[in-house]
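Report on the structure
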Amino acid sequence: MAFVELRNVFKSYFLHGKRIDVLRDVSLDVEEGELVSLVGASGAGKSTFLHVVGTLDAPAAGHMTFRGRSVFDMNDAELAEFRNRTIGFVFQSHFLLPEFTALENVAMPALVRREDRAQAFRDARALLERMGLAHRADHRPGELSGGESQRVALARALVLRPALLLADEPTGNLDPATGEGIHQLLREVNRELGVTAIVVTHNESLARSMPRRLRLEAGHVFPA
Ligand SMILES: Nc1ncnc2c1ncn2[C@@H]1O[C@H](COP(=O)(O)OP(=O)(O)OP(=O)(O)O)[C@@H](O)[C@H]1O
Ligand SMILES: [Mg+2]
């Protein structure tokens, strides 16, 4: 049994009486510890795919299991708890809270869960250090560069030790060298923390640097 299994997943949007078929029969296995890149044209459905895998959005049809457990059979509270415990998200925009420091932003998911405060800050500091940002811990997001903000967002996504990290164009707003630095960090945390990761990117050379490569096209997921 694979860590994540998608079977015959369909997802459509309905808008102004029109149906947009985005995912048309996606089946995919992702094994524990894999690092996967996903490319595809703008509008191909990459974000939609991540939202479904991240359980933020239910598919119209199909099944998805995590370690054999069917996620869309859970009730809302179970699903929210499962998502919170299992999945970390990084988006193209960092969505850091502007009035909090980098350290507080990273600790926030643990604080919200009322986990031990001192431990939350220790974990947050260790992750910031891992991202090469120990010297920026007391900066607010407005006092960080784009690449630094994205590294803080990555640290925040990892603070609850998710089994699965989903990143939607985390380097989309960054220059190529800074983007490569983020992808390098993703490869390192994949290896060191054993976190399974799916990374959407428009950058073909960064995509090729990932051990497994997928392409989303015409509603299907292919090996790239
Ligand atoms: N909430 C929504 N309602 C209706 N249509 C939507 C909705 N969200 C996305 N779509 C449509 O679904 C398709 C896939 O969108 P999605 O955001 O998944 O693409 P993407 O591959 O992530 O593109 P990009 O590379 O530009 O981020 C697009 O045609 C988009 O217009
Ligand atoms: Mg997108």
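Residues numbered from 1 in each chain as written. Chains lettered and ligands numbered in written order. Predicted model: local features only at pLDDT ≥ 70, side-chain atom pairs only at ≥ 80, totals over all residues. Heavy atoms only, no water.

1. Overview of the site of ligand 1
To be explicit about the condition: We call a residue near a molecule or strand when any one of its heavy atoms sits within 4 Å of it. Within 3.5 Å is the distance limit for a polar contact, defined as a pair of N or O atoms, with the added protein rule that one can donate a hydrogen and the other accept it, and that residues adjacent in sequence qualify only through two side-chain atoms. Using the Shrake-Rupley algorithm and a 1.4 Å probe, accessible areas are obtained, with residue cover drawn only from the displayed protein chains. Numbering of helices and strands runs from the N terminus; a helix is a DSSP stretch of H or I covering at least four residues, while a strand is a stretch of E covering at least two.
Residues in contact with ligand 1 amount to 13 residues; listed here are only the nearest, S42, G43, G45, K46 and T48. Within the side chain of S42, an N or O atom sits 2.5 Å from an oxygen atom of ligand 1. Contact between ligand 1 and H202: an oxygen atom at 2.9 Å from a side-chain N or O atom of the residue. For ligand 1, whose free accessible area comes to 640 Å², the fraction covered by protein is 63%. Elements that contribute at least two residues to the shell around ligand 1 include exactly β2 (18-30) and α1 (46-53).

2. Examining the packing of aromatic side chains
Applied cut-off: Each Phe, Tyr or Trp ring (for Trp, its six-membered ring) is paired with any other whose centre lies within 6.5 Å, and the angle between the two planes then decides the class: stacked below 30 degrees, edge-to-face above 60, tilted in between. Type-normalised accessible area, obtained with a 1.4 Å probe on protein chains alone, sets the label of each residue: buried when under 20%, exposed when over 50%, and partly exposed for intermediate values.
This structure, assessed with the given rule, holds four aromatic pairs. Here F89 and F91 contribute two aromatic rings whose centre-to-centre distance is 5.8 Å and whose plane-to-plane angle is 5 degrees, an arrangement assigned as stacked. What makes F91 partly exposed here is its relative accessible area of 28%. Every member of this aromatic cluster is reached through a ring pair, and the members are F3, F66 and F82.

3. Examining the packing of helix α5 (residues 146-158) against helix α6 (residues 176-193)
Rule in force here: The convention used is that axes are lines fitted to C-alpha atoms, helices contributing only their stretch in contact, and that angles between N-to-C directions extend from 0 to 180 degrees. If an angle is under 35 degrees, it is roughly parallel; if it is over 145, roughly antiparallel; if it lies from 65 to 115, roughly perpendicular; otherwise it is oblique. Should the near helix be turned anticlockwise from the far one by less than a right angle, the crossing is termed left-handed; should it be turned clockwise, right-handed. Whether two residues touch is decided by their heavy atoms; if any such pair falls within 4.5 Å, the residues are in contact. All amino acids are sorted into three groups, where Ala, Val, Leu, Ile, Met, Phe, Trp, Tyr, Cys and Pro are nonpolar, Asp, Glu, Lys and Arg are charged, and the leftover types, Gly among them, are polar.
Running from N to C, α5 and α6 cross one another at 20 degrees; their axes reach a closest spacing of 10 Å. Taken together, the axis directions place α5 and α6 in an arrangement best described as roughly parallel. Note that α5 runs across α6; the crossing there is right-handed. Counted together, G147, Q150, R151, L154 and L158 of α5 and T178, I182, L185, L186, V189 and L193 of α6 form the full contact between these two elements. Class assignment of the residues belonging to the contact of α5 with α6 gives a composition of seven nonpolar, three polar and one charged.

4. Digging into the nonpolar core
Put simply, the test is: Here, nonpolar core means buried Ala, Val, Leu, Ile, Met, Phe, Trp, Tyr and Cys residues that are tied together by side-chain atoms lying within 4.5 Å of each other.
Formed by 36 residues in total, the largest nonpolar core has its most connected members in L128, M131, V152, L154, L158 and L165. Sorting the residues of this core by element identifies α3 (102-112), α4 (117-130), α5, β7 (164-168), α6 and β8 (196-200) as the ones contributing at least two each. Contacts of V152, omitting those with residues within four sequence positions, involve L96, A102, N105, V106, L128, L133 and L144.

5. Focus on the sheet that holds strand β1 (residues 4-15)
To be explicit about the condition: Note on pairing: DSSP must find at least two bridges between two strands before they are called paired.
The four strands lie next to each other as β2-β1-β4-β5, forming an open sheet whose pairing is antiparallel. On the outer flanks of this sheet lie β2 and β5 (69-70), each paired with one strand and no other. Pairing of β1 with β2 involves ten bridges; the strand directions are antiparallel. Paired with E5 across the bridge in β2 is D29.

6. A word on the environment of R212
Mapping R212 onto the fold places it in strand β9 (residues 212-217). On a C-alpha basis, the gap between R212 and E34 in space is 7.6 Å, while along the polypeptide they are 178 residues apart. If we ignore the near neighbours within four places in the chain, the residues touching R212 are L28, D29, V30, E34, L35, V36 and S37. Among the polar contacts made by the side chain of R212, one reaches the side chain of E34 at a distance of 2.8 Å.

7. Things to note about the layout of surface pockets
Operational definition: Both site types are read off a 1 Å grid over the protein atoms alone. A 1.4 Å probe that fits but cannot get out defines a cavity, while an open set with protein on both sides within 12 Å along at least five of seven lines defines a pocket; lining residues have an atom within 4 Å of a point. Grid points are joined across faces, edges and corners, and a volume is the space filled by probe spheres set on the points.
Of the volumes computed, that of the largest pocket is approximately 470 Å³. Taken together, 20 residues form the lining of the largest pocket, with N84, F89, P109, R156 and L160 sitting closest to its centre. Every element with two or more residues in the lining of the largest pocket is listed here: α2 (76-86), β6 (87-90), α3 and α5. No other element matches the four residues that α3 contributes to the lining of the largest pocket. Here the residues of the lining of the largest pocket are counted per class, giving 13 nonpolar, four polar and three charged.

8. Details of α2
Threshold: Of all possible arcs, the one meant is that of the directions from the helix axis to the C-beta atoms.
Residues L79, F82 and T86 constitute the buried set of α2. Buried residues of α2, seen end-on, are gathered within an arc of 65 degrees and therefore sit on one face of the element. In α2, the exposed positions angled more than 90 degrees off the buried face are occupied by D76 and A77. Elements that come into contact with the buried residues of α2 comprise β4 (61-66), β6 and β7. Measuring from the side-chain oxygen of the N-cap residue of α2 to the backbone nitrogen of A77 gives 3.1 Å; that N-cap residue is N75.

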